Amino acid sequence: MVVVAKHLLSPATLPSIPDQLSVLSYNVLLPNSSDGWWNYKMYDPTTQSSDIDSISTWEYRRDLIMKRIELINPDVVCMQEVSPVSFDDDFAFMKKELGYDGVQMFKRGRFRPATFWRTSKCNLVSPPVHKDRTLLTAFQLDLPEDHSQYNRIWHVLNCHLQAGPQGARRVRQIDEGVNASYKLAKKLKEDDPRSPLLVVCGDFNGDSNCGAVRYLEDGGVGPTFIEDGEPVASREKDCPMSMPLTDVVSAVLTRPEPPTLVVAELISQMVKDGSSAYERPEFCDEIVERLTFCYAKYATFTDTHGKGIDGKVMSVDDVERWLIDINKQVGRGSEFRSAAKEMGWTKPPQEEGSAEPTEKPRIPLPIVGRFEARYDRMYCTEKLVPTAVLDTIARMPCPNAVEASDHLPVGAVFQITDLN
């Protein structure tokens, strides 16, 4: 069966068809409300015409997310980067305002995927399956009586694969998730467990050349596949599906696939020519000058060997003060972990409240361009075909006054290939 996918450009609404399923994947950007004290740093102060302190609030961003989902109107919404601390309050609008009365949030971690659906369209047929940063749900559609003979089980795998130089873990994560679909199809006694009605979507944290993507598009990867200088597997990892999966966004042949991560290009300004972010990075002189300025400001401990700046070095207390000034609390991500590792710091008891940032950067780095990548992806097995694909385009670094996240959503509508 040949189906030409309808190309939609945001703002647009996905078609609603009884025996088809529409899916939206959207990395909504942690921080959410309670875990959001560093969010102003995501916004470019040199290009924002609006007040960053206002447009970076969760209330402002939540309204953008709600209006976007309301307009697209998908049957299933796969979010990434929701916070378990405030999930119920942050996304209450999904049920109250938009009618998504089915929801499942991933069980572990700070950056979690969550899947929403409307029970008026989708009936959950099995408990969701939680693997490493993947969440599998299985539905039957609530079809009109004259369509009931076509009612099959649909699988939706919501992924937020590990970021950074972690190619092997990303491959393991996607392999576990897809195998979970295969095993569930066997458990539910589907006709062909190697060809379920499976949609795989989410933030892959890698481009078309990464191991996780090649696993889906090529049908597997092995120890000869190298990513970031390391093999992604110690043995052959074969996708259990009968055929490689289809890259849904590529089904539209009239345009190049648009990027889904559009952010300010900063790394080229931070490292010397010929250096890179992962492989032996070397700071340029301007960044060294900025770091030296910060170090001199915070260093209070006198070093008897004359190290540091003017004989002063940063103590553990100085590191904590620096982190509180820029992040409002210690414990935030790689900045603190790296400093703590060097200084032998151990986590103190949790304290009530947190300090406000005392100083913004002196002079922001100028924006010299955009970094663009297609990290957010959507795939389907050969038993499905996309009938509509939704693109969202950004011309300036995200997030900004009209985009709530640094990622852009991906949406599509799917039809079973063997339906008349």
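Before any of the text, the structure's been laid out above.
Quick summary incoming for the structure in this document. Keep in mind the model is a prediction, meaning the values are calculated, not measured.

Our next topic: the overall build of the protein chain. Helix and strand counts for the protein chain stand at 10 helices and 22 strands. Counting across all 420 residues of the protein chain, residues that qualify as buried make up 50%. Put simply, the protein chain shows about 20,300 Å² of open surface, and 51% of that area lies on carbon and sulfur atoms.

With mixed pairing, 7 strands are arranged side by side in an open sheet as β1-β21-β22-β2-β3-β5-β4. Of all the strands in the sheet, the pair left with one neighbour each is β1 (6-9) and β4 (102-105). Going across the sheet, the axis of each strand differs from the next one's by a mean of 20°, ignoring polarity. Both β1 and strand β21 (residues 384-391) contribute to a ladder of 4 bridges, which runs parallel. Across the sheet, residue His 7 finds its bridge partner in β21, namely Val 389. In this fold helix α2 (residues 58-72) packs onto β2 (21-27), β3 (76-82) and β21, with an angle of close to 160° to the strand it touches most, β2.

It is worth spelling out the pairing of strand β5 (residues 112-117) at this point. β5 sits mainly inside the fold: 6 of its 6 residues count as buried. Side chains Arg 112, Ala 114 and Phe 116 project from β5 onto one buried face, and the interleaved Pro 113, Thr 115 and Trp 117 project onto a second face that is buried too. Pairing analysis gives 5 bridges linking β3 to β5, with the strands arranged antiparallel. Directly across from Val 76, in β5, lies its bridge partner Trp 117. Where β4 lies against β5, 4 bridges are found, and the strand directions are antiparallel. Paired with Gly 102 across the two strands is Trp 117, which belongs to β5. Counted along the chain from β4 to the antiparallel partner β5, the turn is 6 residues long, and its residue Gly 109 has a positive phi close to 95°.

Our next topic: the packing of aromatic side chains. Centre distance and the angle of the planes are the two values used to describe a pair of aromatic rings. Tallying each qualifying case throughout the model produces 7 aromatic pairs. Members of the aromatic cluster, connected to one another through ring pairs, are Trp 58, Phe 87, Phe 91, Phe 93 and Phe 116. Cation over ring: Arg 118 sits above Tyr 100, and NZ or CZ is 4.1 Å from the ring centre.

Right, let's talk about a nonpolar patch on the surface for a bit. On the surface, a cluster of nonpolar side chains totalling about 260 Å² of accessible area is made up of Phe 283, Val 288 and Leu 291. Within the element layout of this structure, Phe 283 appears in the loop between α7 (267-270) and α8 (285-298). The exposure class of Phe 283 is partly exposed, given its relative accessible area of 42%.

Criteria and cut-off values
Residues numbered from 1 in each chain as written. Predicted model: local features only at pLDDT ≥ 70, side-chain atom pairs only at ≥ 80, totals over all residues. Heavy atoms only, no water. Helix = DSSP H or I, 4+ residues; strand = E, 2+ residues; numbered from the N terminus. Buried < 20%, exposed > 50% of the residue type's maximum accessible area, 1.4 Å probe, protein only. Areas by Shrake-Rupley, 256 points an atom, 1.4 Å probe, with all protein chains shown as cover. Pairing = 2+ DSSP bridges. Axes fitted to C-alpha atoms, helices over the stretch in contact; angles between N-to-C directions. Contact = heavy atoms within 4.5 Å. Phe/Tyr/Trp six-rings, centres within 6.5 Å; stacked < 30°, edge-to-face > 60°. Lys NZ or Arg CZ within 6 Å of the ring centre and 35° of its normal. Patch = residues over 30% accessible without salt bridge, like charges linked within 9 Å, V, L, I, M, F, W, Y side chains within 5 Å. Salt bridge = Lys/Arg side-chain N within 4 Å of Asp/Glu carboxyl O.

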